[in-house]
Amino acid sequence: MAAPASPVSREDWDKGVAILKDWGFKVVCGLEVFETRSWGVETDRRLAARFLEIWQEAEVKAIVGARGGYGSLKVLPHLELAALEAVPKRLVG
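Residue positions are given per chain, counted from 1 along the sequence in the order it is written. Only residues with pLDDT of at least 70 get local features here, since the model is predicted, and only at 80 or more are side-chain atom pairs given and counted; chain-wide, interface and lining totals rely on the full set of residues. By convention in this description, side-chain values take in all heavy atoms of the structure and omit both hydrogens and water.

What follows deals with the overall build of the protein chain. What counts as a helix is a DSSP run of H or I of at least four residues, what counts as a strand is a run of E of at least two, and both are numbered from the N terminus. Along its length, the protein chain carries four helices and two strands. Its helices and strands in sequence order give the protein chain the pattern α-α-β-α-α-β, from N to C terminus. As a reference, a globule follows 2.2 Å times the number of residues to the power 0.38, and the radius of gyration itself is taken over C-alpha atoms. The C-alpha radius of gyration of the protein chain comes to 13 Å, within 12% of the 12 Å expected for a compact globule of 93 residues. Seen through its C-alpha atoms, the protein chain measures out along the principal axes to roughly 35 × 30 × 20 Å. The burial tally for the protein chain puts 34% of its 93 residues in the buried class. Every residue pair with non-hydrogen atoms within 4.5 Å of one another is taken to be in contact. In the protein chain, once contacts between residues fewer than 6 apart in sequence are set aside, the share between residues at least 24 apart is 78%. Each accessible area is a Shrake-Rupley result for a 1.4 Å probe, and residues are judged covered by the shown protein chains and nothing else. Summing over all exposed atoms, the protein chain offers an accessible surface of approximately 6100 Å²; the carbon and sulfur share of this is 58%. Separation of charge centres in the protein chain, based on 13 positive and 13 negative side chains, amounts to 2 Å. Burial here depends on accessible area, computed with a 1.4 Å probe over protein chains only, as a share of the maximum for the residue type. Under 20% is buried, over 50% is exposed, and the range in between is partly exposed. We count Lys and Arg on the positive side and Asp and Glu on the negative side, and we leave His and both chain ends out. To locate a charge, the coordinates of NZ of Lys, CZ of Arg, CG of Asp or CD of Glu are taken.

Right, here's the structure in full:
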């Protein structure tokens, strides 16, 4: 899972992950899902780089956005589209 928009509370995360695990999914994420963050281009670049890392992991079949929001749009210009296209995945958000 990724959280390019805003961080997620641990309580909300645990509830959602429990449902996904009940459905048989394996859920992985980094600590950035929970970290508070400053707003700015450096944060956008860091989140885009992390999204690409997750996308390129061989064991990952799909990425689910932990939450949506304006921050997701700010990450888009910093994504390497050719790198995403090279490794097709499902994106759920």
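Here the narrative resumes, following the displayed structure.
The pocket and cavity definitions rest on a 1 Å grid over protein atoms only: a 1.4 Å probe that fits but cannot leave marks a cavity, an open set with protein on both sides within 12 Å along at least five of seven lines marks a pocket, and residues lining either have an atom within 4 Å of a point. Grid points are joined across faces, edges and corners, and a volume is the space filled by probe spheres set on the points. Quantified by volume, the largest pocket comes out at close to 370 Å³. Together, 14 residues line the largest pocket, and Phe25, Lys26, Val27, Lys61 and Ala62 are the ones closest to its centre. The dominant element in the lining of the largest pocket, judged by the number of residues it contributes, is strand β1 (residues 62-64), at three residues. Only Asp, Glu, Lys and Arg are considered charged in this grouping, and only Ala, Val, Leu, Ile, Met, Phe, Trp, Tyr, Cys and Pro are considered nonpolar; every other residue, Gly among them, is considered polar. Here the residues of the lining of the largest pocket sort into 11 nonpolar, no polar and three charged.

Moving on: the environment of valine 28. Within the secondary structure layout, valine 28 lies in the loop between α1 (10-22) and α2 (41-56). Taking relative accessible area as the criterion, valine 28 reaches 33% and is therefore assigned partly exposed. Each C-alpha atom, one on valine 28 and one on isoleucine 54, is 9.3 Å from the other, the two residues being 26 residues apart in sequence.

Just to be clear on terms, a salt bridge is a Lys or Arg side-chain nitrogen sitting within 4 Å of an Asp or Glu carboxyl oxygen. Enumeration over the complete set of coordinates arrives at five salt bridges. A salt bridge links arginine 45 to glutamate 42; the nearest nitrogen and oxygen atoms lie 2.8 Å apart. Pair noted here: arginine 45 and glutamate 42 are both in helix α2, with a separation of three residues, about one helical turn. Given the relative accessible area of 53%, glutamate 42 is considered exposed.

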